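Structural description and commentary
Here is how the chains run, residue by residue.
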Amino acid sequence: MRILVTGGAGFVGSNLSLAFKRANPDADVIAADNLKRRGSELNLPRLRAGGVRFEHADIRDPNDLAALGTMDLLIECSAEPSVQAGYGGNPAYLIDTNLRGTLNCLEAARAHDAAFVFLSTSRVYPIEPLRALPFETAERRLALPAGASGPGWSERGIAEDFPLAGHRSLYGATKLSSEQFIEEYRAAFGLKAIINRCGVLAGPWQMGKVDQGFMTLWAARHLYGGSLSYNGFGGHGHQVRDVLHVEDLFDLIVRQLDRLEIAAQGVWNVGGGTGNAVSLKELSHACATRSGKFIDIGVNPDTNPADIPWFITDAGRVGQSFGWRPERSVDAVLDDIFEWLTAERATLEPILT
Ligand SMILES: NC(=O)c1ccc[n+]([C@@H]2O[C@H](COP(=O)([O-])OP(=O)(O)OC[C@H]3O[C@@H](n4cnc5c(N)ncnc54)[C@H](O)[C@@H]3O)[C@@H](O)[C@H]2O)c1
């Protein structure tokens, strides 16, 4: 068994590479990455210690992928993962990596008849319809009214059939376009490909920054110092996301690979769900309790064009189909992040403050 994880030095890629190696000690697991993301290089010793081979490769270059050799499974975790990417500048890197690069990975999987796992995103759902949902403000967070529902949404969150018309951010567009090509590769070449539309993923080894990885960012600023602000939607910190521990994602992918014929159809919404939802304000409280530091959080009422006030994944379909549910709560995710930030402070502090 040969498993290639592109973006394998990143947060999700490194955790999945190591988890696959632990679960399949005889497998050859290769993590390929161009180390574009600051902090990904910190994962290299960890990968080595876990028996995962690292290869420097850029998915924008098909020759780099060809040089990696054969594979039975390709897990595509490389990306420019920020929803803010490309605004106010040149979106070329975003498009070249997230769309062109994903197509190169698809070609590599086709050439070797490998199964393919694609980490899509909840950000394929369009911004304006999400903003238009009838939110109420509860004490510290936005919420939908009890019993309210509409096409593809309910109190349980956003489901796979939420209508797709409208703009969704440059990042979301690269992911939705990739999904459409995967669908074509399934039909044209019989590619066995799983498309997981993930909500927020979190856990140790995520190099959180303002535009991506807010759980780590919030924890690190509370622990190490530095400023934070509630950006957008009036600056109240009431925006909500559901959070999934990266180890819960691994558990799901294993189950999906066991039932690949079913998994390689359609798309799956994957996330922590209502039980794992948290607002920024609630997160501040949880971080202050853990760190003993109450930060004076700034207020920036201006809303970024790519931002949404609320997203909770309705992961009911994937849960029922694979007998899966998230095992780790938001508290457990945060505990793991604090433990990691404390243990690795010397190396992480320069990157996360
Ligand atoms: N983290 C989340 O909350 C989340 C949510 C939904 C979807 N996703 C998706 O999951 C995947 C992994 O995200 P992540 O959080 O681990 O991000 P990450 O930034 O930690 O990891 C991505 C890795 O890809 C590498 N990379 C970037 N451009 C590359 C290129 N051209 N060639 C090779 N490697 C390249 C980076 O150096 C980095 O190590 C991405 O596809 C992302 O869109 C993440």
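Here we summarise the structure given alongside this text. This one's a predicted model, so the numbers in the text were calculated from it and none came from an experiment. (Residues numbered from 1 in each chain as written. Predicted model: local features only at pLDDT ≥ 70, side-chain atom pairs only at ≥ 80, totals over all residues. Heavy atoms only, no water.)

1. Looking at the sheet that holds strand S1 (residues 2–6)
- Across the sheet, which stays open at both edges, the seven strands sit in the order S3-S2-S1-S4-S5-S11-S15 with parallel pairing between neighbours. With partners counted over all chains shown, the strands left at the sheet margins are strand S3 (53–56) and strand S15 (268–270), one partner each. In this sheet, neighbouring strand axes are inclined to one another by 25° on average, regardless of whether the strands run parallel or antiparallel.
- Pairing between strand S2 (residues 28–33) and S3: four bridges, direction parallel. (Pairing = 2+ DSSP bridges. Helix = DSSP H or I, 4+ residues; strand = E, 2+ residues; numbered from the N terminus. Axes fitted to C-alpha atoms, helices over the stretch in contact; angles between N-to-C directions.)

2. A closer look at the nonpolar core
- Val12, Leu16, Ile75, Leu249 and Val270 are the most contacted members of the largest nonpolar core, which has 39 residues in total.
- Broken down by element, the residue count for this core peaks at six residues, all from helix H1 (residues 11–23).
- Discounting chain neighbours no more than four positions away, the residues touching Leu16 are Ile75, Cys77, Val246, Leu249, Phe250 and Ile253.
- If you look at the next biggest cluster of nonpolar residues, it comprises 31 residues, including Trp205, Val278, Val333 and Leu348. (Core = buried A, V, L, I, M, F, W, Y, C linked by side-chain atoms within 4.5 Å. Buried < 20%, exposed > 50% of the residue type's maximum accessible area, 1.4 Å probe, protein only. Contact = heavy atoms within 4.5 Å.)

3. Considerations on the sheet that holds strand S10 (residues 157–158)
- Across the sheet, three strands lie side by side as S8-S9-S10; this open sheet has antiparallel pairing. Whereas interior strands pair on both sides, the edge strands pair on one side only; in this sheet they are strand S8 (149–150) and S10.
- Sheet analysis places strand S9 (residues 153–154) next to S10, joined by two bridges and oriented antiparallel. Bridge pairing in S10 places Ser154 opposite Gly157.

4. Overview of the packing of aromatic side chains
- The tally for this structure, following the rule as stated, stands at eight aromatic pairs.
- Between Phe20 and Phe250, the ring centres sit 5.0 Å apart and the planes meet at 90°, which makes this aromatic pair edge-to-face. Taken as a pair, Phe20 in helix H1 and Phe250 in helix H8 (residues 246–258) lie far apart in primary sequence, 230 residues in all. Comparing Phe20 with Phe250 shows no difference in burial state: the two are buried.
- Seen from their ring centres, Trp205 and Trp340 are 5.5 Å apart, and the 50° between their planes marks the pair as tilted. Within this pair, whereas Trp205 is found in the loop between strand S12 (200–202) and helix H7 (214–224), its partner Trp340 is found in helix H12 (residues 330–343), the two being separated by 135 residues in sequence. (Phe/Tyr/Trp six-rings, centres within 6.5 Å; stacked < 30°, edge-to-face > 60°.)

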